[in-house]
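Listed below, chain by chain, are the residues.
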Number of protein chains: 2
Amino acid sequence: MFDRRSLNAFRDPASVAVVGASGDPAKWGHWLARGARAGGHRRRVYLVNRSGADVLGEATYRSIEELPETPELVVVCVPPTAVRPLVEESLARGTRAFLVITAGVPDLDGLTSLLVEHDAHMVGPNSLGLYDAAAELRLAWGHFTPGPLAIVSQSGQLGSEIANLAVRLGLGVSRFVSVGNQTSITARDLLDDLVDDPDTSVVALYLEGFADGAELVPVLRALAEAGKPTILLTTGASAGSQRLARSHTGSMTPTLDVVDAACRAGGAVRVSTPLELVNLASLLVSAPRPPGRRVAVVSDSGGQGGIAADVAAARGLEVPVLTDDLQARLAASLPAAAALANPIDLAGAGEADMGVYAELCRILLRSDEVDAVVLSGYLGCYGEDNPATREAEFDVADRLAEIARGHGAPLVVHSMSDDSEAVRRMREHGVAVYPAVEHAIAALAGAAALHESPGRELKVPGEERTLAGIGYWAARELLGGLGVAFPAGRLVRDRAGLEACAALAVPVVLKAAWLEHKSEHQGVALGIGSMDELATAYDEMHDRLGDGEYVVEEQDARPNVVEMLVGARRDRDFGPVVVVGSGGTEAELYRDVRIELAPVDQETARRMIDDLRCRPLLSGWRGRPAVDVGALAAMIVAASELIAASPSISDLEINPVRVAPDGALAVDALVITKENPLV
Amino acid sequence: MFDRRSLNAFRDPASVAVVGASGDPAKWGHWLARGARAGGHRRRVYLVNRSGADVLGEATYRSIEELPETPELVVVCVPPTAVRPLVEESLARGTRAFLVITAGVPDLDGLTSLLVEHDAHMVGPNSLGLYDAAAELRLAWGHFTPGPLAIVSQSGQLGSEIANLAVRLGLGVSRFVSVGNQTSITARDLLDDLVDDPDTSVVALYLEGFADGAELVPVLRALAEAGKPTILLTTGASAGSQRLARSHTGSMTPTLDVVDAACRAGGAVRVSTPLELVNLASLLVSAPRPPGRRVAVVSDSGGQGGIAADVAAARGLEVPVLTDDLQARLAASLPAAAALANPIDLAGAGEADMGVYAELCRILLRSDEVDAVVLSGYLGCYGEDNPATREAEFDVADRLAEIARGHGAPLVVHSMSDDSEAVRRMREHGVAVYPAVEHAIAALAGAAALHESPGRELKVPGEERTLAGIGYWAARELLGGLGVAFPAGRLVRDRAGLEACAALAVPVVLKAAWLEHKSEHQGVALGIGSMDELATAYDEMHDRLGDGEYVVEEQDARPNVVEMLVGARRDRDFGPVVVVGSGGTEAELYRDVRIELAPVDQETARRMIDDLRCRPLLSGWRGRPAVDVGALAAMIVAASELIAASPSISDLEINPVRVAPDGALAVDALVITKENPLV
């Protein structure tokens with residue numbers, strides 16, 4: 001990782017030279033010059049223009065050489081072929097930090113090497129710029145309002161969109177960096193630098209590729225532990241975006257379920273759009289995370305309360321029935337027609353006395369029956385419709401802010417007004433207010449997900465293992481040694497080897513164990529009831545398939561079995577991952593699998609199982625007994641530790657895992673090594 | 001259905017009396033009086049207040065009796081107990097139309113009967129009011145801007161939220177009716193009245209209950225055929241909203257998959273929130289429906305283009321690779337670094353020449369390779385950042401509007417500016433512009449869904465059928481008579497009856513056919529290989545279960561069978577529906593079923609099958625042969641026609657249906673009648 005001190009020049013340089021400064025507001029060099037000058041009271045700013053013409057009414061320099069001092073940071077906004085000579089000139093002058101706006105720089109590798117040789121660093125090329133609120137450093141096109149959101153983006157314009165949308169919710173920016181091609185300073189370096197930034201409380205990250213994904217996770221986790229969670233926006237969910245990312249930044253987009261696993265391990269959370277990002281950020285900067293998923297919905301409209309409840313359910317939140325006791329306490333402030341069970345419908349009480357909004361929120365947040373309150377409806381509009389009520393509404397806004405601050409559970413507000421004074425007042429005082437109820441609730445669900453996955457340490461466990469041989473028997477030996485249970489079995493290399501099988505309980509199964517697709521080649525014989533039958537089956541199979549490692553195993557005939565699969569592999573970007581899923585052929589259609597970065601502990605393995613849609617099959621489906629979920633979880637843990645500790649193993653699959661009430665048995669397994677990849 | 005002429009008084013009354021008019025802006029009577037007076041140049045407006053005090057600087061009347069004429073419409077905004085006397089007084093005076101704002105009116109049934117006796121009608125009680133733009137009739141709290149969106153809402157405040165959100169997108173309201181308790185005039189009456197309203201082009205409908213659902217569908221369809229699609233918002237997706245709706249309006253919320261089926265049949269579409277509603281409405285009022293789901297994404301940012309492509313895929317839209325020919329035509333306007341395959345990334349071309357936005361949209365909309373264009377990014381911000389570019393941007397806005405009008409495929413725009421002049425200009429000229437890309441794309445997906453389901457006639461087919469007897473044999477006879485194929489079989493009432501079974505091919509199955517849960521009671525014997533075995537099996541089963549209708553059937557031993565289920569039932573709200581789904585036990589977990597209002601034709605049945613997630617199982621899963629989907633569709637059609645034509649049948653289920661390459665066989669079936677409901 002980059003030395004954080006080297007980033008000083010990009011945070012608060014003592015002097016900046018903008019090369020390519022321009023008086024034409026259609027040019028980037030204009031905006032960079034204007035932005036740089038806005039910080040002129042904090043640092044020395046030099047505008048450089050080859051023509052030497054005045055820019056923004058100020059004299060310019062023709063070259064770096066002409067400057068009265070060595071600029072700490074040089075902003076490069078010149079044609080592509082002029083970049084290299086400019087950097088060389090600046091390096092000669094002593095500059096070690098470059099912000100390169102120019103896109104399409106030729107021989108980028110050469111330029112990057114040159115910087116490395118001189119121990120110099122660059123943001124970009126193809127950066128849209130950077131901004132630091134505390135240092136009043138504005139070297140970017142676009143408008144920025146100071147605030148607690150840091151933005152690190154591989155796409156400048158998306159970063160800019162995030163900043164724009166955030167301001168509409170009253171949320172400003174602490175630092176903005178458009179990272180461009182990242183051949184020198186990477187997004188990860190910049191994230192690492194944010195860990196101890198006192199002005200940042202939430203990080204917005206847009207990335208198209210995760211070439212250093214495995215190294216990114218600990219940085220995300222460090223941010224999370226510093227109380228600055230990262231909200232990740234990325235692309236690659238569709239063929240279209242994969243195509244575009246390759247063409248746009250040359251990035252290979254990641255598999256999103258692995259990105260989500262990385263987020264869970266890093267204490268970060270992924271969203272799908274800039275708007276989702278700022279909606280969540282707006283909640284995270286102001287409110288505690290909900291400690292659970294139970295939500296009280298309060299509305300002055302039965303219709304709006306119902307919509308809110310439906311949206312909450314769709315987002316995986318619960319709207320529990322409140323206890324009689326709590327309902328009675330709410331009832332004291334409400335007319336008889338009010339609904340109290342949750343959602344709570346004010347039935348006109350808010351119009352009669354606005355204080356009721358605050359009172360209900362206070363009671364609910366103070367109860368231990370819900371983890372968050374959603375207030376949806378008219379509050380925020382009163383003063384606009386009837387100026388006589390403005391002061392009363394401000395008072396409620398202030399009380400709500402006070403109540404929200406005083407409790408460990410968040411309050412989110414949906415107001416029918418987009419931006420009234422009362423709404424602004426709530427936002428200024430730290431209440432998250434949204435113009436659409438689904439935004440409020442999605443933010444709450446995102447915050448709940450962050451609470452559930454605060455990040456975890458990915459400690460490489462135990463010793464490295466290697467596979468002795470290839471095929472099923474070797475996989476069985478390796479996994480068996482790690483505690484994965486298989487049926488009793490014998491390796492049979494020739495006909496004489498069958499004798500040892502007499503110790504096995506019938507029926508048994510005969511497998512041509514070296515074959516990868518045993519069933520396809522009729523390499524499995526089931527239900528063999530005696531030693532005679534075994535001999536016959538062996539002769540028949542041997543005639544067809546020849547010599548090889550045959551395995552005879554007791555056939556798992558336990559009732560009430562659920563077939564699952566457990567797998568592990570090495571992801572291109574994020575390294576070792578472990579997977580559990582339903583083993584049924586048809587369930588493949590429904591993509592019912594869960595994936596986590598490896599290794600996982602028993603608790604995480606349990607959570608993976610609990611999150612499967614086929615979970616009900618395991619806990620006693622239609623009167624059948626529940627199966628041994630703990631044994632399945634142990635097998636996930638074992639697979640995850642093996643892949644994490646053993647670099648030579650690239651892939652493993654235990655499929656099916658037969659899970660019964662008395663334990664889980666692996667009845668087929670495949671381990672692929674780097675030396676013996678599948679063809 | 002209500003006579004449309006009776007609604008004249010609610011559209012454009014010659015005279016209105018507002019009873020309960022008030023000078024206090026915190027009171028509803030104030031807003032109603034103000035609103036009514038705003039239409040004073042169109043009609044005679046009388047303010048009535050028991051105290052006789054001046055309101056809004058105008059003298060009031062103390063009673064209806066005092067008025068100089070019979071008001072055509074009386075607006076009732078008095079305490080609950082005062083409603084009945086006021087209505088009586090007004091009826092005596094000759095008024096036949098009432099808008100009742102008051103909530104909690106006692107003896108509502110009595111009041112409703114009184115109105116019926118006098119051939120009078122009421123909107124409400126518990127209405128938030130109504131608005132008619134063309135007639136300048138404003139009898140509601142809230143602000144309304146004239147436009148093409150009609151709003152009919154069971155929740156006044158939700159209707160008001162819809163109107164507010166619509167205006168933010170530049171979309172105004174033609175008519176607004178908060179229907180309240182609907183004991184006289186219902187939402188359906190009001191929708192019917194909109195069919196030939198020249199000022200309405202899209203209808204927003206919020207309902208919590210669908211007691212007359214079956215009658216609502218033809219009205220939705222009439223609206224759709226008049227080119228005014230309905231966007232439905234409803235509630236009941238969660239336990240919380242179900243609870244609230246019962247408490248709020250006493251409504252039993254519907255099953256949402258049936259509501260969606262009703263929307264497809266009615267040419268309407270359901271959304272989940274007010275914002276989704278207005279986003280879709282904003283597109284529908286200005287653009288043609290996309291004739292398919294192929295979308296071109298154009299962006300001046302690779303990041304934004306990728307996000308747009310992912311959102312499109314998540315919404316079921318395709319972002320196809322464009323042909324080389326089309327890419328070449330696009331390339332002519334773009335620099336070498338541009339991405340052309342789709343998404344299209346301008347790579348800076350827009351900055352250099354804004355005309356490129358219009359040119360690309362023109363080429364794409366004129367091609368037959370896409371059904372819609374999504375433009376996402378900076379357009380709309382140029383003039384704000386750099387006033388020198390304002391005129392050029394307006395020009396592009398105008399050209400885009402012209403291009404959008406000239407083609408049969410829609411253009412939707414996501415602009416990073418929320419509300420710049422250029423954005424307003426596009427909206428005014430009929431281009432739908434959104435501040436978030438997911439809003440633009442969700443609107444497009446909603447419009448595509450409307451195109452795919454333009455509504456269909458629910459013609460009750462053929463003759464009514466009745467079930468002769470109970471149990472499987474009777475069901476088999478009934479369904480068999482309608483073309484549903486069963487295995488060859490014989491009814492066996494006693495041991496002698498077994499002889500007739502000699503004609504069947506072995507293996508056969510013996511079933512205790514009168515039992516509903518045959519397997520649970522060991523009422524099925526499979527794999528019977530001879531007449532002797534059949535006799536033994538019969539004796540064993542008869543000893544246990546006694547006399548009854550036994551059925552012997554040939555056992556379906558065809559290979560490559562996929563098990564499905566076909567069912568039909570009578571929905572409480574919407575009447576007969578038909579269902580198809582995967583027959584696997586585990587697939588039940590994934591709720592993989594499709595439902596439509598019955599009857600369906602072969603084409604609709606095929607679509608139901610195509611929309612199943614298990615569809616790949618039917619078309620040759622993992623090298624297996626494809627099965628006879630046509631036969632399955634025919635069985636869906638038969639079940640749908642039976643339930644639609646036969647009021648005595650309440651429920652039927654054919655499960656499993658064994659679908660093989662050579663046809664579909666029903667191997668169990670249950671028909672439930674009103675006379676013999678399941679216990």
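Residues numbered from 1 in each chain as written. Chains lettered and ligands numbered in written order. Predicted model: local features only at pLDDT ≥ 70, side-chain atom pairs only at ≥ 80, totals over all residues. Heavy atoms only, no water.

(A) Summary view of the packing of helix α7 (residues 213–225) of chain A against helix α9 (residues 256–266) of chain A. All names here are of chain A. Where α7 contacts α9, the two axes come as close as 8 Å, and the packing angle between them is 45 degrees. Compared by their axis directions, α7 and α9 come out oblique. As for how α7 packs across α9, the hand of that crossing is right-handed. Residue-level inspection shows V217, L220, R221 and A224 of α7 in contact with α9, the latter providing A262, A265 and G266. (Axes fitted to C-alpha atoms, helices over the stretch in contact; angles between N-to-C directions. Helix = DSSP H or I, 4+ residues; strand = E, 2+ residues; numbered from the N terminus. Parallel < 35°, antiparallel > 145°, perpendicular 65-115°, else oblique. Left-handed = near helix turned anticlockwise from the far one by under 90°. Contact = heavy atoms within 4.5 Å.)

(B) Quick peek at helix α21 (residues 602–610) of chain A. All names here are of chain A. Residues of α21 that are buried include every one of T604, A605, M608 and I609, and no others. For α21, the angular spread of the buried residues around the axis is 145 degrees, confining them to a single face. Along its buried surface, α21 packs onto β23 (575–582), β24 (593–597), α22 (615–618) and α23 (629–645). (Buried < 20%, exposed > 50% of the residue type's maximum accessible area, 1.4 Å probe, protein only. Arc of directions from axis to C-beta.)

(C) Structural view of the relation of the copies chain B and chain A. Mapping chain B onto chain A leaves a residual RMSD of 0.1 Å; the transformation is a rotation of 180 degrees accompanied by 0.0 Å of translation along its axis. The operation mapping one copy onto its partner corresponds to a two-fold rotation axis. Take the interface residues of chain B: 100% of them recur as interface residues in chain A, which is what a same-surface contact looks like. (Least-squares fit on C-alpha atoms with pLDDT ≥ 70 in both.)

(D) The arrangement of the pattern of salt bridges in detail. Within the structure shown, the criterion is met by 72 salt bridges over all chains. The closest approach of N and O atoms between A:R493 and A:E549, which form a salt bridge, is 3.4 Å. Here A:E549 lies in the loop between α20 (531–545) and β21 (550–554) and A:R493 lies in the loop between β18 (489–492) and β19 (508–512), a separation of 56 residues in the sequence. A salt bridge links B:D611 to B:R594; the nearest nitrogen and oxygen atoms lie 3.1 Å apart. With B:D611 in the loop between α21 (602–610) and α22 (615–618) and B:R594 in strand β24 (residues 593–597), the pair connects residues that are 17 residues apart, well separated along the chain. (Salt bridge = Lys/Arg side-chain N within 4 Å of Asp/Glu carboxyl O.)

(E) Broad picture of the side chain of A:S241. Along the chain, A:S241 turns up in helix α8 (residues 239–249). The class for A:S241 is buried, based on a relative accessible area of 1%. For A:S241, the side chain forms a polar contact with the side chain of A:T235, separated by 3.3 Å. Side chain to side chain, A:S241 and B:D310 meet in a polar contact 2.5 Å long. Filtering out sequence-adjacent residues up to four positions away, A:S241 remains in contact with A:T235, A:G236, A:T253, B:G306, B:A309 and B:D310. (Polar contact = N/O pair within 3.5 Å; in protein donor to acceptor, adjacent residues only side chain to side chain.)

(F) The arrangement of the sheet that holds strand β9 (residues 173–178) of chain A in detail. Residue and element names in this part refer to chain A. On the basis of which strands lie adjacent, the open sheet formed by 7 strands has the order β7-β6-β9-β8-β10-β11-β12 and mixed pairing. Here the strands that pair on one side only, and so sit at the sheet edges, are β7 (137–140) and β12 (269–271). Sheet twist, expressed as the mean angle between neighbouring strand axes with direction ignored, is 20 degrees. By the bridge criterion, 4 bridges tie strand β6 (residues 129–132) to β7 in an arrangement that is antiparallel. When the bridges of β7 are listed, D132 appears paired with L137. This element, helix α10 (residues 274–284), spans β8 (146–153), β10 (202–207), β11 (230–234) and β12 of the sheet and lies at about 180 degrees to β11. (Pairing = 2+ DSSP bridges.)

(G) Looking closely at the packing of aromatic side chains. Summed over all chains, the structure comprises 25 aromatic pairs over all chains. Ring geometry for B:Y131 against B:F144: centres 4.6 Å apart, planes inclined by 15 degrees, an arrangement best described as stacked. Residue B:Y131 is located in strand β6 (residues 129–132), and its partner B:F144 is located in the loop between β7 (137–140) and β8 (146–153); the two are separated by 13 residues in the primary sequence. Since its relative accessible area comes to 12%, B:F144 is described here as buried. In this structure an aromatic cluster arises from ring pairing among A:W28, A:W31, A:W141, B:Y357, B:Y378 and B:Y382. Sitting over the face of the ring of A:W31, A:R34 holds its NZ or CZ atom 4.8 Å from the ring centroid. (Phe/Tyr/Trp six-rings, centres within 6.5 Å; stacked < 30°, edge-to-face > 60°. Lys NZ or Arg CZ within 6 Å of the ring centre and 35° of its normal.)

(H) Looking closely at unusual backbone geometry. Residue and element names in this part refer to chain A. The linkage connecting G124 with the following residue, P125, adopts the cis geometry, with an omega of -5 degrees. Relative to the helices and strands, P125 is located in the loop between β5 (121–123) and β6. Following N342, the chain continues into P343 via a peptide bond in cis, with omega recorded as 0 degrees. Looking at the element boundaries, P343 is found in the loop between α12 (324–331) and β14 (344–345).

(I) Here's a closer look at the interface of chain B and chain A. Taken together, the contact between chain B and chain A spans 82 residues of the former and 82 residues of the latter. In total, chain B and chain A occlude about 6,200 Å² of area from one another, counting both sides; carbon and sulfur atoms represent 55% of this. Counting across the chain B and chain A interface gives 0 salt bridges. Inspection of the chain B/chain A interface yields 46 residue pairs in polar contact (both at pLDDT 80 or more). Counting only elements with at least two residues in the side of chain B that touches chain A, the list comes to α2 (28–38), α5 (156–168), β11 (230–234), α8 (239–249), α10 (274–286), α11 (302–314), α18 (437–452) and α22 of chain B. By residue number, the principal contributor to the side of chain B that touches chain A is α11(B), which donates 10 residues. Classifying every residue of the side of chain B that touches chain A gives 34 nonpolar, 30 polar and 18 charged. (Buried area = accessible area lost by both parts, 1.4 Å probe. Nonpolar A, V, L, I, M, F, W, Y, C, P; charged D, E, K, R; others polar.)

(J) The nonpolar core, seen in detail. Counting 110 residues, the largest nonpolar core has A:L149, A:I231, A:L283, B:L149, B:I231 and B:L283 as the members making the most contacts within it. Not counting residues within four places of it along the chain, the set of residues in contact with B:L283 comprises B:P410, B:L411, B:V412, B:A432, B:Y434, B:A443, B:L444 and B:A447. (Core = buried A, V, L, I, M, F, W, Y, C linked by side-chain atoms within 4.5 Å.)

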